[in-house]
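The lines below spell out each chain.
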Amino acid sequence: MNQVKVYLPDHEVQISLERLQQIAGVDAVHELYLKGLVCLPCTSQMCEAFDRS
């Protein structure tokens, strides 16, 4: 249960929580645990990092 879905503008990817923390930071993971959902800005660098995962 350490996998999360990331919805990007044109597709979705499934990554581990550890990878999410590496890409988006620890605050994103904490918010995910607290709320069950986190919305992140989709910068080109972040989208590319999710695509490489």
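Scroll up for the structure.
These numbers were taken from a predicted model, which means no experiment stands behind them.

Caption draft 1: Here's a closer look at the state of the cysteines. Under the criterion given, the structure shown has one disulfide. One disulfide bridge connects Cys 42 with Cys 47, the sulfur atoms lying 2.1 Å from each other. Among the residues examined, Cys 47 registers a relative accessible area of 14% and is labelled buried. Summary of cysteine pairing: Cys 39 is not part of a disulfide, and the nearest cysteine sulfur, belonging to Cys 42, is at 12 Å.

Caption draft 2: Quick peek at the side chain of Ser 16. Note that Ser 16 resides in strand 2 (residues 12-16). Take Ser 16: its relative accessible area is 18%, and that puts it in the buried class. A distance of 3.1 Å separates a polar atom in the side chain of Ser 16 from the backbone nitrogen of Arg 19. Apart from the residues lying within four places of it in its own chain, the contact partners of Ser 16 are Asn 2 and Gln 3.

Conventions used here
- Residues numbered from 1 in each chain as written.
- Predicted model: local features only at pLDDT ≥ 70, side-chain atom pairs only at ≥ 80, totals over all residues.
- Heavy atoms only, no water.
- Disulfide = S-S within 2.5 Å.
- Buried < 20%, exposed > 50% of the residue type's maximum accessible area, 1.4 Å probe, protein only.
- Helix = DSSP H or I, 4+ residues; strand = E, 2+ residues; numbered from the N terminus.
- Polar contact = N/O pair within 3.5 Å; in protein donor to acceptor, adjacent residues only side chain to side chain.
- Contact = heavy atoms within 4.5 Å.

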